[in-house]
Amino acid sequence: MNPIQETAGRQTVDAARNLTGRAVKLQVEKLAKHYGEFTALSPSSLDVHQGEFLTLLGPSGSGKTTLLMMVAGLVVPSGGEIRIDGRVATSVPPSKRDIGMVFQNYALFPHLTVFENIAFPLRMRRVPEAQIRKDVMRVLEMVELPHVAERVPRALSGGQQQRIALARCIVYAPSIILMDEPLGALDKRLRDQLQIEIKNLHKSLGTTILYVTHDQQETLTMSDRICLMNHGRIEQVGTPTDLYFTPKTEFGAAFLGESNILPIADVTASDGGISFTLPLDGHVRMSAPHSTVAPADAAKIMLRPEWLSVTVAPPQEAFNSVRGKVADIIFTGEVTRYFVSTGSGTPLAASQLTRPGDRAINVGDDVYISWPRERTYVLAREGAAA
Amino acid sequence: MSVVAPPDHPSSGGGWARALAAFARRAPLLPVLIFLALLMVWPVAQLLGLSFFNDQGQLTWGHYSQLFSSRIYVEVLWITVRLAFFTTVVAVIVAYPVAFVIANSENKVRAWLYFLVLIPFWTSFLVRALAWMVLLGRNGTINSWAQALGLTDAPMSLIYNFAGVLIGTTHALLPMAIIIIVSVMENIDQNLSKAAMTMGGGRGTAFWRVFFPLSLPGVTSAALLVFLSALGFFITPTLLGGRREVVISQLIITEIQEMLNWPFGGAVSVLLLGCALVIFWLYDRLAGFSALGAAAQARVAAEPSRLSRVFARLSIALLGVLGRITDRLLALAGADSRPLEDSRTGGRSASLAWKVAAGSVLFFACAPIFIMIPVSFTQKAVMEWPPSGFTFEWYRMYLQSPQWISATVTSFTVAFAASLLTMALAVPAAFVLIRQTVVGRSAIMALLLSPMVVPRIIIAIALFYVYSGIGLVGTTVGLVLGHAVLSIPYALMGVMTVLRNYDERLDQAAQILGAGKTQTFVRITLPLIRFGVLSAFLLAFITSFDDLTVSLFITGGLSTTLPKQMWEDATLQVSPVLAAVSTLIIVFMLVVLALLEWLRRRGEASLKAQAGQSQ
Ligand SMILES: Nc1ncnc2c1ncn2[C@@H]1O[C@H](COP(=O)(O)OP(=O)(O)OP(=O)(O)O)[C@@H](O)[C@H]1O
Ligand SMILES: [Mg+2]
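Predicted model, so just to flag it, every value in this text is computed and none were measured.

Conventions and cut-offs
Residues numbered from 1 in each chain as written. Chains lettered and ligands numbered in written order. Predicted model: local features only at pLDDT ≥ 70, side-chain atom pairs only at ≥ 80, totals over all residues. Heavy atoms only, no water. Domains from an automatic or database assignment. Contact = heavy atoms within 4.5 Å. Buried area = accessible area lost by both parts, 1.4 Å probe. Salt bridge = Lys/Arg side-chain N within 4 Å of Asp/Glu carboxyl O. Polar contact = N/O pair within 3.5 Å; in protein donor to acceptor, adjacent residues only side chain to side chain. Patch = residues over 30% accessible without salt bridge, like charges linked within 9 Å, V, L, I, M, F, W, Y side chains within 5 Å. Areas by Shrake-Rupley, 256 points an atom, 1.4 Å probe, with all protein chains shown as cover. Helix = DSSP H or I, 4+ residues; strand = E, 2+ residues; numbered from the N terminus. Buried < 20%, exposed > 50% of the residue type's maximum accessible area, 1.4 Å probe, protein only. Axes fitted to C-alpha atoms, helices over the stretch in contact; angles between N-to-C directions. Parallel < 35°, antiparallel > 145°, perpendicular 65-115°, else oblique. Nonpolar A, V, L, I, M, F, W, Y, C, P; charged D, E, K, R; others polar. Pairing = 2+ DSSP bridges.

How do you make sense of the domain arrangement of chain A when you look at a structure like this?
All names here are of chain A. Assigned domains of chain A: these are domain 1 (3-254) and domain 2 (258-380). Each of domain 1 and domain 2 has a C-alpha centre, and these two points are 38 Å apart. Across the boundary between the two partners, domain 1 contributes 12 residues, which contact 12 residues of domain 2. Across the domain 1/domain 2 interface, buried area totals approximately 1,000 Å², and carbon plus sulfur atoms make up 56% of it. Summed over the shared surface of domain 1 and domain 2, the number is 1 salt bridge. The partner of K300 in a salt bridge is E250, and the shortest N-O contact between them spans 2.9 Å. Connecting domain 1 to domain 2 are 6 residue pairs in polar contact (both at pLDDT 80 or more).

Even after reading the chapter, I still don't get a nonpolar patch on the surface, so can you show me in this structure?
Residues and elements named next belong to chain B. Judged by side-chain polarity, F85, F86, V89, V90 and I93 come together as a nonpolar surface patch covering roughly 410 Å² of accessible area. In this structure, F85 sits in helix α4 (residues 71-103). With a relative accessible area of 45%, F85 lands in the partly exposed category.

Honestly, the packing of α4(B) against helix α5 (residues 107-122) of chain B in this entry has me stumped. Any pointers?
The angle between the axes and the distance between the axes are what describe a pair of packed helices. Residue and element names in this part refer to chain B. Between α4 and α5, whose axes approach to 9 Å, the crossing angle comes to 150 degrees. When the interaxial angle is binned, α4 and α5 end up roughly antiparallel. Here V101, I102 and A103 of α4 come into contact with α5, specifically with R110, L113, Y114 and V117. Classifying every residue of the contact of α4 with α5 by side-chain character gives 6 nonpolar, no polar and 1 charged.

How should the pairing of strand β8 (residues 208-213) of chain A be read in this particular structure?
Residues and elements named next belong to chain A. Here β8 lies mainly inside the structure; 6 of its 6 residues are buried. Of the two faces of β8, the one carrying T208, L210 and V212 and the one carrying I209, Y211 and T213 are both buried. As paired strands, strand β3 (residues 53-57) and β8 are joined by 5 bridges and run parallel to one another. The residue bridging T55 from the neighbouring strand is Y211, located in β8. In the sheet, strand β7 (residues 176-180) pairs with β8 via 5 bridges, with the strands oriented parallel. Directly across from D180, in β8, lies its bridge partner V212.

Here it is, written out as C-alpha cells:
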C-alpha cells in the first residue's frame, strides 16, 4: 500500500474496508455486448456490495449505459453472467429483478398523474389500495412534493419531475437502484440539492446504488467506490482516493482530476523503488523510492499540481526538482496556480494555497519546482502486467 | 430472407438459448411475411410462370412471340407508356408549386391546404373519373358553359380521346405527387436559402441552386410512383378514353375475363411488370434509392454511376443558368430589393405567383369532385349538366335497391374485417422493425411495401388465378384476404411512423417497475399510441373500401362491393344513381378524413406531452 493513501482520505478508505466485509449484492462476470462487429462492452467483471454506492465514470461512449442496461435486463448481453444475491439473473426479465431505475429523461408516463405514476409499481405488485395510498403519500412527502399528486408530469418543472422519478423508484423499495445521469439535465443549484437528497436517501434506505455521471465533483463526493471505464472496458475500480492517488493507467490519471504526466528515461532499480531521469532541464537524476512498478515497465510519472512547491531557492536533498521559468500565474482565490515552462513540452501546473503577502514570485522568474521523492507516482507502460 | 437475429456472438454457454430468445423477439415479423409470401409473392410468381408454358405444359416463348408479332399489342404498350409519361410530367410540374406553398406556409394554413390535398387523395378513382365524365362530356359542364358564353357553337370533343384520359389520370395521381414532394420539402432547412442570399446570390439563384436541388429527391420519387401507378391504370382510361386509348391493363382484363387466356394474360403481365422494373432500374441509376421514401434527404450515393455523374454535372450547370435568368427577371420586376425576412425564397411578387399557381392547381384537384353533388339531385335520367329540377329520386332508388344495399353492406363488412386483419399483421411487425435490428431489413421492407409498388392489376389477377384453384373466388374471405394484402403497406408505414416518435424508455421504465410485456403494452404503450394506430386502421379501411381492382376479379353475386357495383353500372348505363352513390361516398370520406385529422392532432398532442416532459 502506498503511503500517500494512508495520509489522505482515511475515512473513505475505512468505509471501503467495511464494505468489503459485506455480502456481494450484484455480481457481473465477463459481461459483454457487441453490436455486429462493434464492441460496446468487452468482457467485464465487477462486484457491488450490499448497500454500496458505486459510480460508473468514463468518457462518452465508454459503455456505461450499456452496462447499466444489461444489469437492468433491458439490453440482452452477448456473453457473460449477471448474479443478484448470488443467483444467476442473466435471463430473468426486468420486472422480476427487484431493481429500480431512474432514467436520464425521467421516463414518467405522460398519460398518468403523478400519483398514478408512483402507484404504478405497487399496482404491478398487487398491493392493496389503502397501502398504495399510504406509500405514495409517504414518498411524496419524502421528496417534499405532496401537493402535486394530482398533476400530470407535463405540469411540473424539470427538478420536480426528477424528484417524482426518484419517488417512483424508491416507493417499492427495490434492493438495487440504477441511475443513469439522473441529474444531467438540471442546473447547478438543483443538482447540488438533489445530490444531497440522493445521498440521504441512500443512507436511510441502505439500498445498493449503481450510478452513472459525467460530473467529476459528483463522483468524488457521492461514491463509495468508482468504476472507471474507457473504450468499453473497465480501467480500474476503487475508492475515490484510490483513483485519485494511485491511478493504474495514464488514462485514469488524466481523466480524474488534474495532473502533470511526464515521460521518463534511463530507468534503473534503486533503494526499493526506481531511479530515472526526466528529459527536461539537463536530465537530472531523480528517484521514486516507493514505486512498485518494475523498472522495465516504468514509462511515465504523474504529479498532481497540489503536490508541487514553487520556490526561488533550491529545495532540500529529499526532494526531486526541476528548474523552469514562470510562464503564468492565476489567482483563483484560495488557491494560486503557477504554470512553469521547463524548456520542452507543456508547462507544469502547480497549485499552492494562497497566503497573504504571497508576492515573492512573479511571471518570468527562474524557479525550482519540487516535490518529496516518495510522492513521485510512477505509471506503467500500457499493456504491462500490473 | 431470414428473420433470425444477427449472431449476437453467443460466446459463453447458453448460446443456443440466446439465439432462440433472439429469434423469439423477432418472431412477430413472421405472420405478415408468411401472409404476403402466400398471398402476394406465390400468386404473382405463378401468374408470371404461366406465361412460359403452353397447353401441354412445355416450356415455350410462344406467348411472347405472339405478343410482339402483332402490331396491336405493341401499340397498346406504346400508348400505355406514353400516357404514363405525360401523366408523370404534367402531374409533377403541377404538383411542385402546390407542394412549395404548403411546405412554406405556417402551421395552421399548412394543415388546411394539406387537407385540401387529402380530399382528392382519398376520394376513389372511380368517383373522380365519373366526375370528369360529367365535366367533359358532350353535354357536360365545360361544353355547356362554353356554349353559353358563346366560345364555341358545337360541343367540343373533350372526352373519349387522349386529352380526356390525360386530364383524368393526372387528376387521379396529382394528390399523391403533392404529398410526396411536400414530405421532402418539409425537411429542407429554411435557413439554407437565406444563407445563400447572404452569400450574394439573388432570390432566383437561392431557389434554383439551393432549394430546388434539395427538393429534387421528392420530385424524383413522386415521378417514380406516379409513373408506376399510371402504368397499371385502367379505370380512368376505360371511362374517359376512346377506342384508340386502350391501355395494357385493359388488355390484361380482356384476355383474362373474356378470353380466359391465362398464359397470354400472364405474358402481358410480365410485360407490365417488366416496364415497372426497368423504370425502377433507371431511377436507381439516376437518383439512387436513398432518394425514395418520405424522409429522403438529398444524399449522394456512395459510388455514383457514370450516368448519374454526367446527369449531376449537367443539372448543376443548368440550375446556375436558371438562377441567373430568374435573378434578371426579378431585377426587372423590381422585386429583388426587398429585405430577406420578407419571404422565404422569392420576393413578394414571386411568392404571389407561387400562390396563384398553387391555388389554381388545388381548385383543379378539388372542385371536380363536388360536381357530383348537384348532379345527384337532377330530374333528368342521365348524368348531365346543368342538372334540372330537384329530386331525391336517385337516393330513393339506391335505398330501395337490394343490390346496392347489399354491395354497401359487403363493402363495409369487408373493409372492417380486412383492416382488422391488416392491423393484426402490421402492428407486431412494425414493433419489431422499429425496435430490433433485423438481418435483411431492406429486403423485408421491400417485401412489405411491394403491394404498393407492384401494379395492382397484377396482384388482382394473380389472386384470381390462385383463388380459382382453391374455391375462394366470390367469397368474402377471399376478398378480405386480398384487401389485407393491399392495405398492409399503408398500415405498416402509419404504425411505424407513430412508433418512431415513441419514447421506448417509457416501456423500459414500466418493465423495471414490475410490469410484464402484456401489462406494459396495455397500460403504457397502447394508451399513448392509440390515435396513431387508429388512423393507420382508417387508412387500411379506406384502402379496402375504395378498391375496385381486386374486387373486380374475385367478387361476384352476393359478394359484390360498392365500387364494383358502380363500375358495372358505369360501363353499362350512366344513371344519376351513380351520382347519388358518389355523393354518399364523398360525404363518408369527408367524415373519415375529418376524423383522421382530429386523430392526428390528438396524437401530436400526446407525443408532445412525452417530448415536453423530457426538457
Ligand atoms: N443499439 C446500439 N447499436 C449500436 N451501437 C450502440 C447501440 N447502443 C450503444 N451503442 C454504442 O455502444 C457504445 C457505448 O454506448 P453507451 O451508451 O454505453 O455509452 P455511455 O458510456 O453511456 O456514453 P454517454 O456518456 O455518452 O451516455 C457507443 O459507442 C455507442 O455508440
Ligand atoms: Mg449513457
